[in-house]
Amino acid sequence: MTSSHTHNKAGIACSHVVRRKRPLMLIAHDASGVWQFMCGKSDHTRQKQAKKVCTTCAIEDYAPGITADEIPPGHMAERRTKTTWEVRPMTAEEVGEIDASPVHTSESVAKGDKP
Ligand SMILES: [Zn+2]
Ligand SMILES: [Zn+2]
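From a predicted model like this one, the values you see are computed outputs, not experimental measurements. (Residues numbered from 1 in each chain as written. Chains lettered and ligands numbered in written order. Predicted model: local features only at pLDDT ≥ 70, side-chain atom pairs only at ≥ 80, totals over all residues.)

From N to C terminus, the chain includes four helices and six strands. The secondary structure elements of the chain, listed N-terminal to C-terminal, are β-α-β-β-β-α-β-β-α-α. Taking all 115 residues of the chain together, 23% fall into the buried category. Restricting to contacts in the chain with at least 6 residues of sequence separation, those with at least 24 account for 56%. (Helix = DSSP H or I, 4+ residues; strand = E, 2+ residues; numbered from the N terminus. Buried ≥ 20, exposed ≤ 12 C-beta atoms within 10 Å, placed from the backbone. Contact = placed C-beta atoms within 7 Å.)

Where strands meet in a sheet, backbone hydrogen bonds hold them as pairs that are either parallel or antiparallel. Strand order across the open sheet formed by six strands is β4-β1-β3-β2-β5-β6, with mixed pairing between neighbours. Single-partner strands in this sheet number two, and they are β4 (50–53) and β6 (84–89). Averaged over neighbouring strand pairs, the angle between their axes works out to 20 degrees when direction is ignored. (Pairing = 2+ DSSP bridges. Axes fitted to C-alpha atoms, helices over the stretch in contact; angles between N-to-C directions.)

Turning next to the nonpolar core. A13, V17, I27, F37 and V53 are the most contacted members of the largest nonpolar core, which totals 20 residues. Elements with a minimum of two residues in this core: β1 (11–14), α1 (15–18), β2 (26–29), β3 (35–38), α2 (55–62) and β5 (75–81). Apart from residues no more than four positions distant in its own chain, V53 is found in contact with G11, I12, A13, V18, F37 and A58. (Core = buried A, V, L, I, M, F, W, Y, C linked by C-beta atoms within 7 Å.)

Two elements, β2 and β3, share four bridges in a ladder whose sense is antiparallel. Within β3, the residue paired with H29 across the bridge is W35. Adjacent in sequence and paired antiparallel, β2 and β3 are bridged by five residues, among which G33 carries a positive phi angle near 95 degrees. Summarising the sheet, β2 and β5 pair through four bridges and their orientation is antiparallel. Pairing of L26 across the sheet is with E78, part of β5.

Residues of β3 alternate between two faces, with W35 and F37 on one and Q36 and M38 on the opposite face, all of them buried. Bridge analysis of β1 against β3 gives three bridges, and the strand direction is parallel. The residue of β3 that forms the bridge with A13 is F37.

For the rest of this paragraph, the subject is the confidence of the model for the chain. Here the chain shows a mean pLDDT of 83. Residues at 70 or above account for 77%. Predicted confidence in the chain is weakest over helix α4 (residues 107–110), with a mean pLDDT of 46, and strongest over β6, with 97. Of the regions scoring below 50 in pLDDT, residues 104–110 engages in zero contacts with residues more than four places distant in sequence or in other chains. (pLDDT = per-residue confidence, 0-100.)

Although it is not a glycine, R20 adopts a positive phi angle of roughly 60 degrees. Tracing the backbone through its elements, the reader meets R20 in the loop between α1 and β2.

Considering the arrangement of structural elements, one finds K52 in strand β4. Using a count of 12 C-beta atoms within 10 Å as the deciding quantity, one classes K52 as exposed. The spatial distance from the C-alpha of K52 to the C-alpha of A13 is 6.3 Å, given a sequence separation of 39 residues. The contacts of K52, once residues within four sequence positions are left out, are K9 and I12.

If you want it as C-alpha cells, here you go:
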C-alpha cells in the first residue's frame, strides 16, 4: 500500500518469519524503538537467527490487520486470528527476555582507567 517510506532497518525478524516458514505471531516494539517480528515459538536459542528487516515493510508483508501506529514503544502485539491482534504493554520480564540489544554502540565505556 504505502510504499513511499524510508527502508530503515530498525526491525529484527526471526528466520522463520523471513523465510515464511511460519507466520508472524508476535510483534514487539521495545522502549528503545527496536521492533521484533517473531513466529512466537520458543526454539530460538541463538540470536544469529535474527534478520534485520525494514519495520514498515515487515508489518505490511507479514502482519495484515495491524499498523505500526497501533503498537507504541514498550508494547507488543500478539496475533489472535489471521487479522486480529491484541496489543498490550510488555512486562518487565518480557523486556528482559526479548532484549537483543542490537543497536548499542557504547565505545566510550570500554576505554577506561586501568589500575
Ligand atoms: Zn520498507
Ligand atoms: Zn521463529
